[in-house]
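# Chains, contacts and geometry: an overview
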Number of protein chains: 2
Amino acid sequence: MESTFSDKQKIILDVAQQLFADQGFAGTSVRDIAREADVNIAMISYYFGSKEKLLEAIFKRHAEVVRLRLESIIHNAALSPVQKVEHLVDHYIEKYFSKQNFHRLIMREQLSTKESPIASMLAEMKTQNMNLIKQLIAEGQKKGNFRKNIDIPLMMATMLGTTNQLMTTQAFYRQVNNLQSMSDEDFLKHLRKKLSHHLKSLFKAILTHEAQNTK
Amino acid sequence: MESTFSDKQKIILDVAQQLFADQGFAGTSVRDIAREADVNIAMISYYFGSKEKLLEAIFKRHAEVVRLRLESIIHNAALSPVQKVEHLVDHYIEKYFSKQNFHRLIMREQLSTKESPIASMLAEMKTQNMNLIKQLIAEGQKKGNFRKNIDIPLMMATMLGTTNQLMTTQAFYRQVNNLQSMSDEDFLKHLRKKLSHHLKSLFKAILTHEAQNTK
DNA sequence: GTTTAATTCAAACGTTTGTTTAATTTTGTG
DNA sequence: CACAAAATTAAACAAACGTTTGAATTAAAC
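In short, a report on the structure.

The rules behind each value
- Residues numbered from 1 in each chain as written.
- Chains lettered and ligands numbered in written order.
- Predicted model: local features only at pLDDT ≥ 70, side-chain atom pairs only at ≥ 80, totals over all residues.
- Heavy atoms only, no water.
- Axes fitted to C-alpha atoms, helices over the stretch in contact; angles between N-to-C directions.
- Helix = DSSP H or I, 4+ residues; strand = E, 2+ residues; numbered from the N terminus.
- Parallel < 35°, antiparallel > 145°, perpendicular 65-115°, else oblique.
- Contact = heavy atoms within 4.5 Å.
- Nonpolar A, V, L, I, M, F, W, Y, C, P; charged D, E, K, R; others polar.
- Least-squares fit on C-alpha atoms with pLDDT ≥ 70 in both.
- Buried area = accessible area lost by both parts, 1.4 Å probe.
- Salt bridge = Lys/Arg side-chain N within 4 Å of Asp/Glu carboxyl O.
- Buried < 20%, exposed > 50% of the residue type's maximum accessible area, 1.4 Å probe, protein only.
- Near = heavy atom within 4 Å.
- Polar contact = N/O pair within 3.5 Å; in protein donor to acceptor, adjacent residues only side chain to side chain.
- Expected span 1.5 Å × (residues − 1).

What follows covers the packing of helix α5 (residues 81–98) of chain B against helix α7 (residues 117–142) of chain B. Residues and elements named next belong to chain B. Two numbers describe how α5 lies on α7: the axes approach to 9 Å, and their chain directions differ by 150 degrees. One way to sum up the angle between α5 and α7 is to call them roughly antiparallel. Between α5, through Pro81, Lys84, Val85 and Leu88, and α7, the contact on the second element is made entirely by Ile133, Leu136, Glu139 and Gly140. Of the residues in the contact of α5 with α7, the class split is five nonpolar, one polar and two charged.

Our next topic: the relation of the copies chain B and chain A. Between chain B and chain A, which share one sequence, the superposing operator has a rotation angle of 180 degrees and an axial displacement of 0.0 Å; the RMSD is 0.1 Å. Here the copies are linked by what is in effect a two-fold axis. It is glycine 161 of chain B whose C-alpha, among those of chain B, lies nearest the rotation axis, at 2.0 Å. The residues that chain B uses at the interface reappear at the interface of chain A in 100% of cases, marking a shared surface.

Each partner contributes residues to the interface: chain B has 42 residues there, and chain A has 42 residues. In total, about 3800 Å² of surface goes out of reach between chain B and chain A, with carbon and sulfur atoms giving 67% of it. Counting the contacts that link chain B with chain A gives zero salt bridges. With eleven residues, helix α8 (residues 152–168) of chain B is the largest single contributor of residues to the side of chain B that touches chain A. When its residues are assigned to classes, the side of chain B that touches chain A shows 18 nonpolar, 17 polar and seven charged.

Right, let's talk about the pattern of salt bridges for a bit. Under the criterion given, the structure shown has 18 salt bridges over all chains. Salt-bridge contacts for arginine 192 of chain A lead to glutamate 94 of chain A; the nearest nitrogen and oxygen are separated by 2.9 Å. Here glutamate 94 of chain A lies in helix α5 (residues 81–98) and arginine 192 of chain A lies in helix α10 (residues 184–207), a separation of 98 residues in the sequence. On the basis of relative accessible area, arginine 192 of chain A is assigned to the partly exposed category, the value being 29%. Under the relative-accessibility criterion, glutamate 94 of chain A is labelled partly exposed at 33%. Of the charged contacts, one joins aspartate 90 of chain B and lysine 200 of chain B as a salt bridge, the two residues approaching to 2.8 Å between their closest N and O atoms. Residue aspartate 90 of chain B is located in helix α5, and its partner lysine 200 of chain B is located in helix α10 (residues 184–207); the two are separated by 110 residues in the primary sequence. In this structure aspartate 90 of chain B comes out as partly exposed when scored by relative accessible area, which is 33%. Salt bridges here are not isolated pairs; linked through shared partners, they connect Glu64, Arg67 and Glu71 of chain A.

What follows is about the protein's contact with DNA strand C. Around DNA strand C, the surrounding shell holds 16 residues, and the nearest of these are Arg31, Ser50 and Lys51 of chain A together with Met43 and Tyr47 of chain B. A distance of 3.1 Å separates a phosphate oxygen of DNA strand C from a polar side-chain atom of lysine 8 of chain B. For the surface near DNA strand C, the secondary-structure elements that each account for two or more residues are α2 (30–37) and α3 (42–48) of chain A together with α3 (42–48) of chain B. Ranked by residues supplied to the surface near DNA strand C, first place goes to α3 of chain B with four residues. Its residues placed into classes, the surface near DNA strand C shows seven nonpolar, five polar and four charged.

Residue and element names in this part refer to chain A. Over its 24 residues, helix α4 (residues 51–74) runs 35 Å from end to end, which matches the ideal 34 Å to within 8%, given 1.5 Å per residue. Within α4, burial applies to Leu54, Leu55, Glu56, Ala57, Ile58, Phe59, His62, Ala63, Val66, Leu70, Ile73 and Ile74. Against the buried residues of α4 lie α1 (7–23), α2, α3, α5, α6 (100–111) and α7 (117–142).

By nearness alone, 16 residues border DNA strand D, and Lys8 and Tyr47 of chain A together with Val30, Arg31 and Lys51 of chain B come closest of all. When atoms of DNA strand D within 4 Å of the protein are split into backbone and base, the sugar-phosphate part holds 47%. At 3.5 Å from a phosphate oxygen of DNA strand D is found a main-chain nitrogen or oxygen belonging to threonine 28 of chain B. With respect to DNA strand D, the side chain of lysine 51 of chain B contributes an N or O atom lying 2.6 Å from a phosphate oxygen. Of all elements in the fold, only α3 of chain A together with α2 (30–37) and α3 of chain B reach the threshold of two or more residues within the surface near DNA strand D. Residue contributions to the surface near DNA strand D peak at four residues, all from α3 of chain A. Residues belonging to the surface near DNA strand D are distributed by class as follows: seven nonpolar, five polar and four charged.

Listed below in structure tokens is the structure:
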């Protein structure tokens, strides 16, 4: 990768990522970023060309990290296919919960219908991840653990979609289940556990031959 | 409901809904709306107070329609609980696919973390729908069709989340499955069918005692 | 027909936006 | 030190934004 950023550039990237995540891309001005990063307004254009290309740089940096982590799970010879799927679920939940706002930002960009460098970058990233998971499924089928005719994109949609949806409506989930007395931290722990179990049992039902367990 | 809009107000609401859906709220200017609706810019403030209250009015109008349709399914005495769930799935898919852009708009608003009249309105809407579905699940449990200890919010998150996710990444789904030669119409039909089957078998696995069928 | 209220309009208001300029300072190199 | 390149700055730019104004027009009420 040709991505070698100076310390100052990294600060701008970090600050912008946080602000974009919290307030959205349109909702964040370059002046906000400059103020928070303690640099002159002109530095953003100077270093990155434009506000939009700054976002592009942020996503590029993120994509690299995701790909590496995913590969390390898939290629871990010590794990069975079922274990890999479970690791995948837990890893994704962990990643998503620890950077909620950033994933909100990605969601927002995906919602945009317009063709853009960013949209095509996200698509490419998705394809890479999908190919890795395809390997994993194929391995499971070869070993006889998984059934044939698995619609991987649908399965992915359920994992990502359910997690996204639950995240965006977590306050609602808390209210419905009368969990207001819990601390924020405890609630998130509880939510993650529930979601993890839910997704794993769903995937067991989709992927394997046996019915999923009741708790 | 006190919502009685003049013809001109309805035109503004329709046009604004379309534009907000296509370009987002921040991405649509009141000048865009005025031009498309063929009214003076000042009319939007005059009738609705502000751009934000205009969006509020659009969501209020939408919520009413959704509630009525949901009630008609839940209270249909001719259907069994399982059938009702299947109707629910198909109805939601139908609703979502026929107004994709509008649901993208709702998603975008849900992604916003800020407290706002619109956020609380969406939350209230969600609670209403949830209570209706709770009735449906309780009916199924009483009749012995559904198992106990069903996490309804999690189930809803899977339905809404999977549909949303698949919708926002449909171009990707098409590419991965080599369906570019299909017409747009045929592809959407295909996608709906796949999604419907996927969700129904997931729900069978979640709700009932038997394992779901393979195709 | 007269009066009062509701509607419509072009224009302007005051901000805020992303980006650029041109001058200045800092840094690196020989 | 001297010179060139890079970095940084305050200021200005033009464009777009949501909203308001005050006059002009239409509709409604009596």
